[in-house]
Amino acid sequence: MNKLGLNRLLIPLLSILMGLVVGAIVMLIGGYDPVRGFTSLFNGMLGSPYAIGETLRAAAPLIFSGLAVAFAFRTGLFNIGVEGQVLIGWVAAVYVGINFELPMFLHLPLALLAAMLAAAAWAFVPGFLKAKFHVHEVITSIMMNYIALYTTNSILRSVIGVTNERTESIRETASLSSPLLQELTTFSRLHWGILIAVLAAIVYYYILQRTTLGYELRAVGFNKNASQYAGMSVNRNIVLSFVISGMFAGLAGAMEGLGTFNGMTLSASFTGVGFDGIAVALLGANTAIGVVLAALLFAGLNIGGLAMQLGANIPSELVKVIIAAIVIFVASGYALNYVIEKLKGNRKKGVEKK
Amino acid sequence: MMNKKKTILSALAAGLTLSTVLAACGGGDDNEGASNGEGGGSEAGDFKVAMVTDTGGVDDKSFNQSAWEGLTKFGEDNNLTENEGFKYLQSSKQADYQPNLQQLARDNFNLIYGIGFLMAEDIQTVAGQFSDNNFAIVDMVVDAPNVASITFKEQEGSFLVGVIAGLMTETDKVGFIGGVESDLIKKFENGFKAGVMAVNPDATIDVKYAEDFNSAEKGTAIASGMYGAGSDIIYHAAGGTGVGVFTEAKNRKKNGEEVWVIGVDRDQYEEGLPEDVTLTSMVKRVDTATYEVSKQTMEGNFPGGEIIEFGLKDDGVGIAETSDEHVPADILSQVDEYRQQLIDGELTAPATDAEFEEFMKTVE
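Bear in mind that the values here come from a model prediction, so they are computed numbers and not experimental data. Chains are numbered independently. Their residues run from 1 in the order of the written sequence. For this description, chains carry letters from A and ligands carry numbers from 1, given in the order in which they are written. Local features in a predicted model are, by the rule used here, given only for residues with pLDDT of at least 70; side-chain atom pairs are given and counted only at 80 or more, and totals for whole chains, interfaces and linings are based on all residues. Hydrogens and water are ignored here; the side-chain numbers use all heavy atoms of the structure.

A. Representation of the overall build of chain A within the structure. Comment: elements are numbered from the N terminus, with helices defined as DSSP H or I runs of at least four residues and strands as E runs of at least two. Along its length, chain A carries 14 helices and zero strands. Helices and strands in chain A line up, N terminus first, as α-α-α-α-α-α-α-α-α-α-α-α-α-α. Taken against the 2.2 N^0.38 rule, which gives 20 Å for 354 residues, the C-alpha radius of gyration of chain A at 21 Å falls within 12% of a compact globule. If you line up chain A on its principal axes, its C-alpha atoms span 75 × 55 × 30 Å. Residue contacts are defined here by distance: any two heavy atoms, one from each residue, within 4.5 Å place the two residues in contact. In chain A, once contacts between residues fewer than 6 apart in sequence are set aside, the share between residues at least 24 apart is 78%. To be clear on the numbers: accessible area is Shrake-Rupley with a 1.4 Å probe, and residue cover counts the displayed protein chains and nothing else. Total accessible area on chain A stands at roughly 15,700 Å², and carbon and sulfur atoms take up 70% of it. Chain A carries 23 positive and 15 negative side-chain charges, and their two centres are separated by 17 Å. Our radius of gyration looks at C-alpha atoms and nothing else; its globule reference is 2.2 Å times the residue count to the power 0.38. Only four residue types enter the charge count, namely Lys and Arg as positive and Asp and Glu as negative; His and the chain termini do not. Where a charge sits is defined by one atom per residue type, namely NZ (Lys), CZ (Arg), CG (Asp) or CD (Glu).

B. Spotlight on the overall build of chain B. Scanning chain B from terminus to terminus reveals eleven helices and twelve strands. Whether a residue is buried, partly exposed or exposed follows from its accessible area with a 1.4 Å probe, protein chains only, as a fraction of its type maximum: under 20%, in between, or over 50%, in that order. Counting over 364 residues, chain B shows a buried share of 54%. Put simply, of all contacts in chain B between residues at least 6 apart along the chain, 68% involve residues at least 24 apart.

C. Quick look at the sheet that holds strand β8 (residues 233–237) of chain B. All names here are of chain B. In this description, strands pair whenever DSSP reports at least two bridges between them. The strand order across the open sheet formed by six strands is β7-β6-β8-β9-β10-β12, and the pairing between neighbours is mixed. Only two strands of the sheet have a single partner each, and these edge strands are β7 (204–209) and β12 (317–319). Taking each pair of neighbouring strands and ignoring which way they run, the sheet shows an average axis angle of 15 degrees. Taken together, the three bridges between β8 and strand β9 (residues 260–265) define a ladder with parallel strand orientation. For tyrosine 235, the partnering residue across the bridge sits in β9 and is isoleucine 262. Axis geometry follows a simple rule: fit a line to the C-alpha atoms, using only the stretch in contact for helices, then measure angles between N-to-C directions, giving values from 0 to 180 degrees.

D. Just helix α11 (residues 353–363) of chain B, in detail. Residue and element names in this part refer to chain B. Burial in α11 covers these residues: Phe356, Phe359 and Met360. Along the axis of α11, the buried positions cluster into a sector of 105 degrees, meaning they face one direction only. Across from the buried face of α11, at angles greater than 90 degrees, the exposed residues are Ala354, Glu357, Lys361 and Thr362. On its buried face, α11 sits against α5 (154–168) and α6 (183–199). Directions pointing from the helix axis toward each C-beta atom define the arc.

E. Molecular detail of the pattern of salt bridges. Residue and element names in this part refer to chain B. In the sections that follow, a salt bridge refers to a side-chain nitrogen of Lys or Arg positioned within 4 Å of a carboxyl oxygen of Asp or Glu. Here the structure, examined in full by the defined rule, presents 23 salt bridges over all chains. A salt bridge links lysine 187 to glutamate 154, with the nearest nitrogen and oxygen atoms 3.1 Å apart. Highlighted residues: lysine 187 in helix α6 and glutamate 154 in helix α5, separated in sequence by 33 residues.

F. Summary view of helix α8 (residues 193–210) of chain A. Residue and element names in this part refer to chain A. For α8, built from 18 residues, the straight-helix expectation of 26 Å at 1.5 Å per residue is met to within 8% by its first-to-last C-alpha distance of 25 Å. Taken together, the buried positions of α8 are Gly193, Ile194, Ala197, Ala200, Ala201, Tyr204, Ile207 and Leu208. One side of α8 holds all its buried residues, which, seen down the axis, span an arc of 130 degrees. In α8, the exposed positions angled more than 90 degrees off the buried face are occupied by Leu195, Leu199, Ile202 and Arg210. To estimate how far a helix should extend, the number of its residues minus one is multiplied by 1.5 Å.

G. Just the interface of chain A and chain B, in detail. Each partner contributes residues to the interface: chain A has 35 residues there, and chain B has 40 residues. Put simply, buried area is the surface a 1.4 Å probe can reach on two separate parts but cannot reach once they are joined, added for both. A buried area of about 3,300 Å², summed over both sides, lies between chain A and chain B, and 56% of it is on carbon and sulfur atoms. Seen at the junction of chain A and chain B, the total is two salt bridges. As a salt-bridge pair, glutamate 121 of chain B and arginine 166 of chain A come within 3.5 Å of each other at their nearest N and O atoms. Each polar contact in these results corresponds to two N or O atoms within 3.5 Å; when the atoms are within protein, one needs to be able to donate a hydrogen and the other to accept it, and residues that are neighboring in sequence are counted only if both atoms are side-chain atoms. Remark: the boundary between chain A and chain B carries eleven residue pairs in polar contact (both at pLDDT 80 or more). Where the side of chain A that touches chain B is concerned, the elements lending two or more residues are α1 (2–29), α2 (34–46), α3 (49–74), α13 (288–312) and α14 (317–353) of chain A. Here the side of chain A that touches chain B takes five residues from α13 of chain A, the largest share from any one element. Nonpolar residues are Ala, Val, Leu, Ile, Met, Phe, Trp, Tyr, Cys and Pro. Charged residues are Asp, Glu, Lys and Arg, and all others, Gly as well, are polar. In terms of residue class, the side of chain A that touches chain B is built from 13 nonpolar, 14 polar and eight charged.

H. Focus on the sheet that holds strand β4 (residues 134–138) of chain B. All names here are of chain B. The sheet built from six strands is open, its strands ordered β2-β1-β3-β4-β5-β11 with parallel pairing. Each edge of the open sheet carries a strand with a single partner, namely β2 (86–89) and β11 (307–310). Sheet twist, expressed as the mean angle between neighbouring strand axes with direction ignored, is 20 degrees. Here β4 runs beside strand β5 (residues 147–152); their pairing, made up of four bridges, is parallel. The residue bridging valine 138 from the neighbouring strand is isoleucine 150, located in β5.

I. Up close: the environment of valine 327 of chain A. Residues and elements named next belong to chain A. Among the structural elements, valine 327 can be located in helix α14. Valine 327 sits in the partly exposed class, given a relative accessible area of 21%. Remark: the alpha-carbon pair of valine 327 and valine 280, spanning 47 residues in sequence, is separated by 8.7 Å. Those residues in contact with valine 327 that sit more than four places away from it in its chain are Ala279, Leu282 and Phe298.

J. A look at the confidence of the model for chain B. As a per-residue measure, pLDDT tells how confident the predictor is, with possible values from 0 to 100. Mean pLDDT over chain B stands at 84; residues scoring 70 or higher make up 87%. Across the whole predicted complex the pTM is 0.81, and at the interface the ipTM reaches 0.85.

Here it is, written out as structure tokens:
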């Protein structure tokens, strides 16, 4: 048990370290100075109030998308459709933000709720198809991403009425932006969303670990057949898991729509928030605290990567190499761990036999 | 068991704190170093100019690339070194625009370009925060005292390719395919229509919008419809959607049909190969614009708060140099006459639907 706990910490930490080493090697091959590169990377992440503000700002949606992926993971499901659910949540939040006239204490919660419900409805589809017809959720949720991308563009044009690529700004009563936080961090776009994200991580922990619902969901994740035998409704839990996962994803979209951008832009490509969520969940080992830390790291790397362009003339794409390397090491780390445990198990059995 | 867990956790916490402190220290040192460098730099009267690309990246074979070519030329002409005196920062997502603009402002760049109208909002915000820096935006108007808005008279260049199309069509039918309907693309459409009508009032012009800048399939479908209905020349102002127009034209040319495409933004001669379907292109010289505005700024004449329009007169728009491949010399000389009239102001190319209506009255 101890060893397992140790490995769960060690593998991600080692992976991060090795990812950075890979980054350094690529810098050397590319003829860049790794010391300068990493200095400006870390400066860009945490070196100034502004950097910290932007890192926290970028972390908020990643925490949500990470929680969304992790929640489904914990119940044995792969929600690769988080990206699409983020877009749907985003557009719903912006719609409410623009079209309703309410005092803030109603407007903001309503916009957040709209994001959650819209994305939950979107996520319901692959969940339902899986439960009812056993259609593999990876396929359906991936395909739903494309439907979401083009649907949101269409909604932006026809329902919200975008003429010049971008919606008008949402009303201030629905905005998470905070002049105070922006001032504290010298003009970063930090908004209150990070607090909601941390709160959501606590809710995530609470649902999974402290409620009957969470217990059932995890049980289904561990062993479907046993859960069924124990009298749990596997199908109901699959749909529920997707719906809750979608709610987290929708809030990730709300972070962008109500916090970072205060609006939405027509887009021909994905935001990447949902896909990054997969990496965040993996590195965070699907735990609440892990997801928060991993989201902070990836957000910081992304923001620091921009500073690397200016500080060390290194293309910011390099950060993507580092993130990808970390993910690969984490993934193979778990494989390695699995092998180690297996070997140990066998040895033990061997000993017992003797 | 609990104890061990706690030790691990606290070790982790200590590690994190340590790395944070280290990073912070590193940050402090580096910042000082950087600001010292800047101080020295500005004392020497060094001029620093930079641009932030949109998500297309610096090698998009279009807009961003052209802007960077202008800056590169400016840098070379003024003995600036890349990355020190002139520089670009790439944005891989929309969220990167603001941090990129801000870090350049913090690093005291004298002039910072935002390439593309999607950056309008961010330029507006950052220009407000950093009132001592100069900014410029391409293809959009941002109202702020320290922002120069660079726009192009696309209608003038489009007028000239319209003249070519009007004179060269054999079916008296030409087509226009726009990306997304907006004030900007309307300039292309109306200029083109006016050019055609000026030389060939009997011609009909088929106008369609794809409602998408990145859908080659839609481009192919619309072009197929237009060529099928008898148009023999199509002018596209549709970005990536235009790729589909070229595909359709090439397929038809392979089957022996005589069809042409007029390219946009830069010389699209190569896109037409090997079937050779590019008749001419309406080029938009973003490089000229970035070069000129940088030069003005370095000379102390930053056009802050102004809208600078690059037209035929400033070589900001025009027809591609390869036009003589397929366009006969007598037609090119007519194009030259119209060019001169537009420059002299004897003729005005319409930019909006209303202006086009007015223009048509003069033709009749």
